[in-house]
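In case you want the letters, here they are:
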Amino acid sequence: MILDAFFKALGQAGDRRFRGVLFQGIGWAVALLAAIYVIFLLLIHLFVGPQTTVPLLGAVTWLDNLLSWGSLIFMLILSVFLMVPVASAITSMMLDQVAQAVEDKHYSHLPRAIPTPFGAALKDTLLFLGFLIFANLVALVLYLTFSIAAPIIFWAVNGLLLGREYFTLAAARRVGFDEAKKLRRKHAMTIWVAGVLMAVPLSIPLVNLIIPVLGAATFTHIFHTLQQRA
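Per-chain numbering applies: the sequence of each chain, read as written, is numbered from 1 onward. pLDDT decides what is reported in this predicted model: residues at 70 or higher carry local features, side-chain atom pairs at 80 or more are listed and counted, and totals for whole chains, interfaces and linings draw on all residues regardless. Derived side-chain values reflect all non-hydrogen atoms in the structure, with water molecules and hydrogen atoms excluded from consideration.

Mind showing me how you'd approach the packing of helix H6 (residues 188-202) against helix H7 (residues 211-229) here?
The relative placement of two packed helices is expressed as an angle between their axes plus a distance between the axes. The angle between two axes is taken between their N-to-C directions and runs from 0 to 180 degrees, where each axis is a line fitted to C-alpha atoms and a helix contributes only its stretch in contact. Counting from the N terminus, the helices are the DSSP runs of H or I reaching at least four residues and the strands are the DSSP runs of E reaching at least two. Between H6 and H7, whose axes approach to 10 Å, the crossing angle comes to 165 degrees. One way to sum up the angle between H6 and H7 is to call them roughly antiparallel. Seen along the crossing, H6 lies across H7 with a hand that is right-handed. Residues Ile191, Ala194, Gly195, Met198, Pro201 and Leu202 of H6 form the contact with H7, whose own contacting residues are Ile211, Pro212, Gly215, Phe219 and Ile222. Residues that form the contact of H6 with H7 fall into these classes: nine nonpolar, two polar and no charged. Each angle gets one of four labels, with under 35 degrees taken as roughly parallel, over 145 as roughly antiparallel, 65 to 115 as roughly perpendicular, and the rest as oblique. Crossing handedness: left-handed means the near helix sits turned counterclockwise from the far one by under a right angle, and right-handed means the same turn made clockwise. In what follows, residue pairs with any heavy atoms lying within 4.5 Å of each other are defined as contacts. Under the scheme applied, nonpolar residues are Ala, Val, Leu, Ile, Met, Phe, Trp, Tyr, Cys and Pro; charged residues are Asp, Glu, Lys and Arg; polar residues are all the others, including Gly.

So, in structure tokens, the structure goes:
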């Protein structure tokens, strides 16, 4: 079911309307990552400056340039971790558009969904982001303690969190937040597995740019499939 939902989402990537949403998602992802990168560069220049003194070498003027170029590689690596909160932010902003495009193509017999109220979606997103950051800080201890298994721990933790968030937002459009949370608890294992399958490509630089939108479409299919089976 999960793979079927993903391939349906992938198969719609060429759809004109869906493609527009996909490009918007990539644009938002690049913009958010670029904003974080610019802040990172400003901090380097603020603390290092155009000239600094290095023991044994004395005054040097190239250190900030070296750090700036090095930071580009560092940010590509860091994007693996940054894309998790970025994916969550993009989903909260664009899920209604993605879900509607999916439903117009695959579930056109359904009445149009009522968009999630902005205030409720914003509150849910902010609470989730706070919990996401806290959970990853706690998991950092596990990453360092079990470094060999760090990728698996990362995928398991963030797959659980992202699956919960994506499914809740997709379901809430149709049944409201309270019922969405009940469905999420009922199908917790399926949602976790789907979240892990989304977290894995989120850890691949550049590929991770398209995952937030494809993930939103995939969880829209998962919700409707689970509803039809109920």
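What is the right way to read the packing of helix H5 (residues 150-186) against H6 from this model?
Between H5 and H6, the shortest axis-to-axis distance is 6 Å and the interhelical angle comes to 130 degrees. By the angle between their directions, the pair H5 and H6 is classed as oblique. Our pair here, H5 against H6, has a crossing hand that is right-handed. Tallied by class, the residues present in the contact of H5 with H6 amount to 15 nonpolar, four polar and four charged.

How do you make sense of H5 when you look at a structure like this?
The periodicity of an α-helix, 3.6 residues per turn, causes residues three or four places apart in sequence to face the same way. For H5, spanning 37 residues, the distance from its first C-alpha to its last is only 29 Å, which falls clearly below the expected 54 Å at 1.5 Å a residue. Maximum bend of H5: about 125 degrees, positioned at Val175. Helix span, expected: 1.5 Å multiplied by one less than the number of residues in the helix. The quantity called bend is, for any residue, the angle between two axes fitted respectively to the seven residues ending at it and the seven beginning at it.

Looking at this model, I keep getting lost on the side chain of Thr220. Mind explaining?
Tracing the backbone through its elements, the reader meets Thr220 in helix H7. For Thr220, a relative accessible area of 2% corresponds to the buried category. Not counting the four nearest positions on each side in its chain, Thr220 is found in contact with Ala99, Val102, Glu103 and Ala170. Only protein chains enter the calculation, and the probe is 1.4 Å; a residue is then buried if its accessible area is under 20% of its type maximum, exposed if over 50%, and partly exposed in between.

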